[in-house]
Amino acid sequence: MSFGAEDRTKPLARVMMRAPGPAMAAADPALWHYGPGFDAARASVQHAALADIVAASGAEIHWIPSGDDGLSDAVFVQDPSFVTRAGAVVLNMGKALRRDEAALHLAAYADLGVPVIGRLGGDATVESGDCLWIDPQTLAIGRGVRSNQAGIEALAAILAPHGIRVQAYDLPYWTGPEACLHLMSLISPLGPRMALIHAPLLPYALWADLTARGWTLLMAPEDEFRASNGLSLNVLMLKPQDVVMVDGFPGTRALMEGAGCRVQVFEGDALCIACEGGPTCLTRPVLRS
Ligand SMILES: NC(=O)NCCC[C@H](N)C(=O)O
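Counting of residues starts from 1 at the beginning of each chain's written sequence and follows it residue by residue. Given that the model is predicted, a residue must reach a pLDDT of at least 70 before its local features are reported, and side-chain atom pairs must reach 80 or more before they are shown or counted; all residues, however, enter totals for whole chains, interfaces and linings. Excluded from the side-chain calculation are hydrogens and water; included are all heavy atoms of the structure.

For the chain, an unreviewed UniProt entry supplies the name arginine deiminase and the organism Pararhodobacter aggregans. UniProt positions are given in the numbering used here, feature names are shortened, and annotations may be inferred rather than shown by experiment. Of the chain, the UniProt comment under Pathway (unreviewed entry) reads exactly: "Amino-acid degradation; L-arginine degradation via ADI pathway; carbamoyl phosphate from L-arginine: step 1/2." According to the UniProt record, the Catalytic activity (unreviewed entry) comment for the chain is "L-arginine + H2O = L-citrulline + NH4(+)".

1. Examining the confidence of the model for the chain
Confidence scores labelled pLDDT are given residue by residue by the predictor and lie between 0 and 100. Across the chain, the average pLDDT comes to 97, with 100% of residues at 70 or higher. Both confidence scores are given for the complex: pTM 0.98, ipTM 0.98.

2. A look at the site of the ligand
With respect to spatial proximity, 15 residues lie near the ligand, and among them Gln-78, Asp-79, Arg-98, Arg-146 and Cys-281 are the closest. Within the side chain of Gln-78, one N or O atom sits 2.7 Å away from a nitrogen atom of the ligand. At a separation of 2.7 Å, a nitrogen atom of the ligand approaches a polar side-chain atom of Asp-79. The protein chains shown are the only cover counted for residues, whose accessible areas, like all others here, come from Shrake-Rupley with a 1.4 Å probe. Burial of the ligand by the protein amounts to 99% of the accessible area it has alone, namely 350 Å². Throughout this document, a residue counts as near a molecule or strand when at least one of its heavy atoms sits within 4 Å of that molecule or strand. In protein, a polar contact requires one atom able to donate a hydrogen and another able to accept it; more generally it is a pair of N or O atoms within 3.5 Å, and residues adjacent in sequence count only if both atoms are side-chain atoms.

3. Some remarks on the environment of Met-24
With respect to the helices, strands and loops of the structure, Met-24 is situated in helix H1 (residues 21-25). Only protein chains enter the accessibility calculation, which uses a 1.4 Å probe; a residue is then buried when its area is under 20% of its type maximum, exposed when over 50%, and partly exposed in between. Taking relative accessible area as the criterion, Met-24 reaches 0% and is therefore assigned buried. Spatially, the C-alpha atoms of Met-24 and Asp-68 are 8.4 Å apart, while their sequence positions differ by 44 residues. Every helix listed is a DSSP run of H or I at least four residues long, and every strand listed is a run of E at least two residues long, numbered separately from the N terminus.

4. Focus: the sheet that holds strand E3 (residues 81-84)
A pair of strands is labelled paired if DSSP reports no fewer than 2 bridges between them. With respect to topology, three strands assemble into an open sheet ordered E3-E4-E5, the strand pairing being mixed. Each having just a single partner strand, E3 and strand E5 (116-119) make up the two edges of the open sheet. Strand-to-strand twist of the sheet, defined as the mean angle between neighbouring strand axes without regard to direction, takes the value 20°. Of the strand pairs in this sheet, strand E4 (residues 87-90) and E5 are connected by three bridges, and their pairing is parallel. Residue pairing for E5: Ala-88 is matched across the bridge by Val-116. Lines fitted to the C-alpha atoms define the axes, with helices restricted to the stretch that makes contact. Angles between their N-to-C directions range from 0 to 180 degrees.

Quick look at the structure:
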């Protein structure tokens, strides 16, 4: 089976997802840092609506089995691993409650026949929500509450033999270590060299590096970013300039449409805004082709 999802000139062809299922139905919102809008039953319906959009785009979905395993955040399949043209890397989550998700991803790659080229463990943590492909040879990593220096160094050592360079950028404190602030909370690629950004929190050096490479950076409306706890900006690229976002943010949507994007929406208040993860976080690309 072919794999490798780092080339954003290509459409999403294969992706992993996990339904919220019994794990999220049993979740204690205070333990998981879920907001007042959390509603597990509605979250399941909203997740299914996103899956319908992804499937209609032509991408094949590989479902990680849901279970009553206490892993409520495992619905956010973006984070515990990522897939390069050389194979998958299985990460070590910075959020302690999410550590056991690695086993789900290892099993999924075994099912799919995707080789695992490296794993992180011990005190070295990186979450894939902190990882952004600048180009297929350059992976940006946000150093912050979820991804640490030891993790970044371990990941660089795994990727270097495959011709992939890692570049770290520091993330801000923002609302503190309990909240989920990933690098990808501040930037969503819309195409090979186009992205939606929240400039005030984005590492300046990343902004400068992308600008020097000729990226078009669209500044997402501040009011919608704040009202959504950042989820207005979490946009999944299905194909270059063909994207899906949480409904309810007309200014952000209009900005992307004005830049030539087709934008589809789904309701995400009970799932995305409440649980701090949007359509990007709910999908783990395996292949773009
Ligand atoms: N890539 C992402 O931004 N993932 C969202 C993860 C949300 C989840 N509740 C977490 O705190 O890890």
